[in-house]
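Spelled out from the first residue to the last, the chains are:
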Amino acid sequence: MDPRPTPAQSSKYRIPRPRRDAVPRPALLARTLEQAADARLVLVQAPAGFGKTTLLVQLAAALAAAPGAEVVWVSLDAEDNDANRLFAALFGALAALDLPWAVPAATVLAQLQDASPAARTALGLLVDALGARPEARIVLVLDDLHHVTDAAALQLLDTLIARAPPELCLFIGSRVAPPLSLARWRAGGELVELGLQDLRFDRGDAQALCRLRGLLPSDEALEAALARTHGWVAGLHLVLGSARQGAALPAPTGPAAQRHLFDYFAQEVLAGLPPPLQQFVLYSSVLPELSPALCRAVTGRDDARAVLDALFGRQLFLTVLDEAVPVLRLHDLFRDFLRDELERREPGLAAGLHARAAAAEVRAERAVPHWLAAGRWSEALAALRQMADGLLAVGGTHRLERWLEQLPPDWRAAQADAALLRGLCAWSRWDWGHAREEFQRSHDAFAQQDRPRDRFVALGMLGACHNALGALEQAGGVLAAAADAQLPPALQVAFDSLRAWHGVARGDGAAVLASLAAMADNAALAPAARYPNIVDMSYGHFIGLPGTRLLLERLGRLCRGDRLDEVQVPALDAWLAFWHGAPGPAQAALQALLQRQRHLPGDVMLGIGAQHLLSLHLAVQGRSAEALAAIAEVPGRMTAGYGQGWRRTYVHVQARIHWRAGAADGLAALLPELAGPRTAREWPVLDTGAALVQGQHALLCGDLVAARALLERAAVLQRSGWLPAFMGDARFALAACCAGQGALDAAAAAFDAVLDEAMRDAGLGLLLEPPERLQHLWQALAPRLRCPAAAQDRLRRQLAGWQAEGAPAAATPPDDPLSAREREVLALLAEGRSNKLIARALDLSLHTVKRHVANILTKLALDSRTQAAAYWHRR
């Protein structure tokens, strides 16, 4: 799902056309623009009908006329009431600016589901993109923010405003004061507030309104209207145009009284329309926006375009969002009145009108609220199915679940599609146990309903859950059930992915290779199936397995130019560069990956894969303590469901680091856990790993007899079941053990097998073996090795290059996400300098220093200057 606006969405991001009777207010505009020059937020807050949108439109026009200014607009509505959807709307508006994103906007949006520290950190990518064009003044207008009440959405918006670059200023229109850090910004002189007193019409404004509308009220009538309405703009429009100007009406003193007065006069406005137009506006009131196509659908009138033009000409309470189409929006007060009036006149008709609107919508996302309002549960669920993959890909899990919850519980519980969607939501949270239950339920129901395509969708996901939970027999049963089906490529890719992972779990190398090849073929034919299946290949388990290199490179190429390219494909590239490449490019790829990990801490698998790869890089450089510290972070990144079956896999990485460093005590400390029996959720490859680490420990302790027995067993297990290459290679340890016993022919045979694979795949797995033992083997076994001497020399030069060049620059940690200027600010901050002293030292404005400090806290996921100083001193 691309956060850029589609044609159907574009009206949401259009600055509304000024009303013909909009009263110019030059003094108010000039004062506001002057104050906004140094502000981070301009808040226009007043009850309904006080002209907030009109004023924002006038401000936007004035700002857009300034050199270098770029104005973007978002008209918010009730569907934007969660964190992900609010920021999807913001991203859609900002797409017009073509910002230089370091990571695709869709990937950033997927992290913005709540107000967690991970989401706030990911927000730093938006801050960076906004600040990458210092020559521009970006104005972001959020109209009708009162529709957003979700706490997480508002907290995330607060973070954006607090950490926005100097180039950005937000203008917000709202009926109520939003729960943002207004007091702090007010105290800092960074908030401009326009309230009810600023927006009220005085006598001069009322006279200007009358001139624009061609009205000639007496001075007494005008004063009476102002007295009755207290300068309320919507009330003045109605009172001045009403035949009842002399009626004795209570003055509105609050929102409820204002609404009562509005309804009183709106009834008269509606009665003044010809009956056909009355019906048109009543029926169209169910629409959030009035376009010719949707109005034609709900009213049945083929002349809907002409009617919309006529309605706007009557100066009703309408805003033009797109003059060319046209697309109009009813003022909230008028729309609410019309909906109430529709229900009074024709009870129950609104549901049918919503159904007509839903059927005419071209986007499922816009159709769902209409189907729900119509009580058409089946159609609503079908629309949710249609949009689910795209919504989940950009983090829309909460929104999908919220819509599902609006379906009647008893009806929802019996629906296979609802179970499938609940399973997908659980899968997106790595809750494999819950996901498996829902996929099983949906699969069985689809089978009973004779829906084969949907059954295979559920079956593929069910198999993936079985495999992830260690239920390999059940996963094999899923593969057997799909083996003879003639599936289209889009469905087959999921089973190819499952077969590949099932092969890794069982150590079946032939199955892994065949599955990866089939997956590449089918993914080339079905681009939409690349996510999440190719993504799953990028976390290290397939790297270094014999024959996988070219296949994984092909899978990576299939995603070039795709929205995954900037995050998941670089993860795959970084692993391939480490196992098959040169130290310089591999280090660069690792640094890029760690930078993304910093920016996207909510991406569970990205974080695990990056920390895992970092630990191996550090181990190769001989920095064992740092490598162990890096891999020790992985369990904390795992969700509960993920950790139950996969935690020991990463404990084996710790064992590999100890083995390379020759640390017998470190390995001994891990043996009680690694040598224990497998749980039901763990894969058979752990049996090979258990024998391997026990043999390695015995070898480090000098017990060669016990070591050889254990390592021969591990080598036998490895022949029938590949280990993920990062866990180790029993054949190398066996060769070292045999050489220590003087059994040089046996040692050469084991070592030759390792070298043969390294030559065929250009693999550098020997980097993770103890360097002294590797050197000793080459010296002791040279005359006995079958591997050509020239090939050995080439491999040894590659390994030596890593030893000479592998260490990263000491000045900047490989995962430091800060710019050079931000590091300068942080260094001075760590010395205890205030923002004023930092500004003086670096010749910056105080405003710029504040923004740099905010960016530093965002990028490092810190909450205070004290934490930032501690981070700098730990470097």
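Data block above holds the structure.
**Q** Could you clarify how one ought to interpret the pattern of salt bridges in this entry?
**A** Close approach of charged atoms allows side chains of opposite charge to pair. The final tally for this structure, using the stated rule, is 46 salt bridges. R385 is paired through a salt bridge with D417; the nearest N and O atoms lie 2.5 Å apart. Within this pair, whereas R385 is found in helix 19 (residues 377-393), its partner D417 is found in helix 22 (residues 416-428), the two being separated by 32 residues in sequence. Judged by its relative accessible area of 12%, D417 falls in the buried class. Residues E673 and R647 are paired through a salt bridge, measuring 2.0 Å at the closest nitrogen-oxygen approach. Remark: R647 occurs in helix 35 (residues 640-661) and E673 occurs in helix 36 (residues 664-674); sequence separation between them is 26 residues. Exposure remark for R647: the relative accessible area of 35% places this residue in the partly exposed category. In this structure, a network of salt bridges that share partners links the residues E79, R85, R363, E365 and R399.

**Q** Would you mind going over unusual backbone geometry with me for this structure?
**A** For A762, which is not a glycine, the phi torsion comes out positive at approximately 50 degrees. Among the secondary structure elements, A762 is positioned in the loop between helix 40 (744-761) and helix 41 (771-781). Taking the relative accessible area as the measure of exposure, A762 reaches 26% and is therefore partly exposed. A positive phi angle, near 55 degrees, is found at D843, a position not held by glycine. Relative to the helices and strands, D843 resides in the loop between helix 44 (835-842) and helix 45 (846-859). Residue classification places D843 among the exposed positions, given a relative accessible area of 70%.

**Q** When you look at the sheet that holds strand 2 (residues 69-75) in this model, what are you seeing that I'm missing?
**A** Strands belonging to one sheet form pairs held by backbone hydrogen bonds; the direction of such a pair is parallel or antiparallel. Reading across from one edge, 2-3-4-1-5 is the order of the five strands in this open sheet, with parallel pairing throughout. For this open sheet the edge positions go to strand 2 and strand 5 (191-194), each flanked by a neighbour on one side alone. Shown here is a sheet whose adjacent strand axes are inclined to one another by a mean of 15 degrees, direction ignored. By the bridge criterion, five bridges tie strand 1 (residues 41-45) to strand 4 (residues 168-174) in an arrangement that is parallel. Of the residues in strand 4, the one forming a bridge with V44 is G173. Helix 3 (residues 83-94) contacts strand 2 and strand 3 (137-143) of the sheet and is inclined by roughly 145 degrees relative to strand 2. Sitting on the sheet, helix 6 (residues 151-162) is in contact with strand 1, strand 3 and strand 4, with an inclination near 145 degrees to strand 4.

Thresholds applied
- Residues numbered from 1 in each chain as written.
- Predicted model: local features only at pLDDT ≥ 70, side-chain atom pairs only at ≥ 80, totals over all residues.
- Heavy atoms only, no water.
- Salt bridge = Lys/Arg side-chain N within 4 Å of Asp/Glu carboxyl O.
- Helix = DSSP H or I, 4+ residues; strand = E, 2+ residues; numbered from the N terminus.
- Buried < 20%, exposed > 50% of the residue type's maximum accessible area, 1.4 Å probe, protein only.
- Pairing = 2+ DSSP bridges.
- Axes fitted to C-alpha atoms, helices over the stretch in contact; angles between N-to-C directions.
- Contact = heavy atoms within 4.5 Å.

On their own, these measurements won't tell you what the molecule is for.
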